[in-house]
Amino acid sequence: REHFDGEPTVGVVGVGTIGGPIAERIAGSFETVAFDLDDDALEAVADAGVDAASDLCELGRRSDIVLLSLPSSAAVEAATFGEDGVLAGLSANDVLVDTSTIDPETTHTVATTCEEEGVEFLDVPVSGGPRNVKKGTLTAMAGGDPAVLELIRPVFESFCDTIYHLGERGPGTAMKLSNNYLLAVNSVAVCEALVMARRAGIDEQTFFDVASNASGDSYALRRNVEGFVIPGEYDSEADISILRKDAMLAERFGRDLDVPLLLGGSSSSIYRL
């Protein structure tokens, strides 16, 4: 399929912390329909022009492209499969895109099922958080058919400023887990280094000024120290359980690949609630 008949209708499943602002950005350029188990979440995006579907199957029937933005592998499976799942409403050559951070096994299962149904599938996790969604500056990590990625690129360009195509089925998920593993481990290291500096009599601002202009610079340093510690404002925009989930998935991914995780093999335990 080279193109849609006119502008595509885009469905978004899950309009929470990330999916909500994604749907709002998409609605600025495309007809957009959404589904969420939380009616309040659907009402929150209605003013941006996002129409609510009554169920997942209806969303699939109304959409040419469907984006999943869900918190777990189980949620992706529940939303995708079964008589009431979104896949049941999609037609051949429609496109299902999973932007969630989930395990590679689930990505493979969804991709295989889509192939059997004649539905195109891409795994395209995104990184950058809610504040960057609103600015349209997320980074997308795409796996799948490059021609299909080009087909849906205008949709992703409504909320991403960087889109990487990493290969066929699964590399988007693999890259997102690797990336979030870095964030989890770096965040722990930043906290430990900051405590060392404090106990040596170095204040937070000085610690940040020097480290951010030296070899210790990192996204975790800038996000956590400059963004949270120095101003004393700890609005992370995401629950810590999400980072713990991502770290656990990354650790299991590393073990499955026989990678010795010497630094962060148990980093997920640090994020226990």
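Let us look at the structure shown here. (Residues numbered from 1 in each chain as written. Predicted model: local features only at pLDDT ≥ 70, side-chain atom pairs only at ≥ 80, totals over all residues. Heavy atoms only, no water.)

### Some thoughts on the environment of Val33
Thought 1: With respect to the secondary-structure elements, Val33 resides in strand β2 (residues 32–35).
Thought 2: The class for Val33 is buried, based on a relative accessible area of 1%.
Thought 3: In the structure, Val33 is positioned 30 residues away from Ser63 in sequence and 7.6 Å away in space, judged by C-alpha atoms. (Helix = DSSP H or I, 4+ residues; strand = E, 2+ residues; numbered from the N terminus. Buried < 20%, exposed > 50% of the residue type's maximum accessible area, 1.4 Å probe, protein only.)

### A closer look at a negative patch on the surface
Thought 1: On the surface, Asp38, Asp39, Asp40 and Glu43 cluster together into a patch of negative charge.
Thought 2: Turning to its location among the elements, Asp40 is positioned in helix α2 (residues 39–46). (Patch = residues over 30% accessible without salt bridge, like charges linked within 9 Å, V, L, I, M, F, W, Y side chains within 5 Å. Areas by Shrake-Rupley, 256 points an atom, 1.4 Å probe, with all protein chains shown as cover. Salt bridge = Lys/Arg side-chain N within 4 Å of Asp/Glu carboxyl O. Lys, Arg positive; Asp, Glu negative; His and termini not counted. Charge placed at Lys NZ, Arg CZ, Asp CG, Glu CD.)

### A short note on the pairing of strand β1 (residues 10–13)
Thought 1: The two faces of β1 match: Val10 and Val12 on one face and Gly11 and Val13 on the other face are all buried.
Thought 2: Where β1 meets β2, 4 bridges bridge the pair, whose relative direction is parallel. Across the sheet, Gly11 pairs through a bridge with Val33, a residue of β2.
Thought 3: In this region the chain leaves β1, passes through helix α1 (residues 19–27) and returns to the parallel neighbour β2; the handedness of that crossover is right-handed. (Pairing = 2+ DSSP bridges. Right-handed = clockwise from strand over helix to strand, strands pointing away.)

### Looking at the nonpolar core
Generally speaking, a soluble globular protein has its nonpolar side chains buried in company with each other.
Thought 1: Ranked by internal contacts, the top residues of the largest apolar core, which has 32 residues, are Ile26, Leu67, Val97, Phe156 and Phe159.
Thought 2: Those elements that provide at least two residues to this core are β1, α1, α2, β4 (65–68), β5 (95–98), β8 (138–143), α8 (146–156) and β9 (160–167).
Thought 3: In terms of residue count, α8 provides more of this core than any other element does, 5 residues in total.
Thought 4: Ignoring sequence-local partners within four residues, the contact set of Val97 consists of Ile65, Val66, Leu67, Leu68, Leu122, Val124, Ile152 and Phe156.
Thought 5: With 21 residues, the next largest nonpolar core counts Val33, Leu68, Val86 and Val119 among its residues. (Core = buried A, V, L, I, M, F, W, Y, C linked by side-chain atoms within 4.5 Å. Contact = heavy atoms within 4.5 Å.)

### Here's the deal with the state of the cysteines
Thought 1: Enumeration according to the criterion identifies 0 disulfides in this entry.
Thought 2: Free cysteine Cys57: the closest other cysteine sulfur is in Cys114, separated by 14 Å.
Thought 3: Here Cys160 stays free of any disulfide, with the sulfur of Cys114 as its closest cysteine sulfur at 20 Å.
Thought 4: Using a relative accessible area of 4% as the deciding quantity, one classes Cys160 as buried. (Disulfide = S-S within 2.5 Å.)

### Structural notes on helix α4 (residues 73–80)
Thought 1: Three or more residues of α4 are buried, namely Ser73, Val76, Ala79 and Thr80. One side of α4 holds all its buried residues, which, seen down the axis, span an arc of 135°. In α4, the exposed positions that point more than 90 degrees away from the buried face belong to Ala74 and Ala78.
Thought 2: The secondary structure elements touched by the buried residues of α4 are β1, α3 (56–62), β4, α5 (86–89), β5 and α6 (104–117).
Thought 3: Of the residues trailing α4, Gly82 is marked for its positive phi of about 90°. (Arc of directions from axis to C-beta.)

### Notes on the packing of helix α9 (residues 171–199) against helix α11 (residues 219–229)
Thought 1: Look at α9 against α11: their axes get within 8 Å of each other, and the N-to-C directions meet at 55°. Viewed along their axes, α9 and α11 adopt a mutual orientation that is oblique. The element α9 and its partner α11 pack so that their crossing is right-handed. In this structure, α9 uses Leu183, Asn186, Ser187, Val190, Leu194 and Arg198 to contact α11, whose residues at the interface are Tyr219, Ala220, Leu221, Asn224, Val225 and Val229.
Thought 2: For the contact of α9 with α11, a count of residues per class yields 8 nonpolar, 3 polar and 1 charged. (Axes fitted to C-alpha atoms, helices over the stretch in contact; angles between N-to-C directions. Parallel < 35°, antiparallel > 145°, perpendicular 65-115°, else oblique. Left-handed = near helix turned anticlockwise from the far one by under 90°. Nonpolar A, V, L, I, M, F, W, Y, C, P; charged D, E, K, R; others polar.)

### Notes on α1
Thought 1: Most of α1 sits out of view: 7 of its 9 residues are buried.
Thought 2: Listed in full, the buried residues belonging to α1 are Gly19, Gly20, Pro21, Ile22, Ala23, Ile26 and Ala27.

### As for a nonpolar patch on the surface
Thought 1: A cluster of nonpolar side chains, contributed by Tyr164, Leu166 and Met175, occupies part of the molecular surface with about 280 Å² of accessible area.
Thought 2: Looking at Met175, the relative accessible area reads 37%, which means it is partly exposed.

### Thoughts on the side chain of Ser268
Thought 1: Looking at the element boundaries, Ser268 is found in the segment after α12 (240–256).
Thought 2: When neighbours within four sequence positions are excluded, Ser268 is seen to be in contact with Arg244, Ala247, Met248 and Glu251.

### Some thoughts on the pairing of β5
Thought 1: The alternating pattern of β5 places Val95 and Val97 and Leu96 and Asp98 on opposite faces, both of which are buried.
Thought 2: Looking at chain direction, β5 and strand β6 (residues 120–123) are connected through 4 bridges and run parallel. Note on β6: the bridge partner recorded for Val97 is Leu122.
Thought 3: Assessed by its sense of winding, the connection that carries the chain from β5 through α6 to β6 is right-handed.

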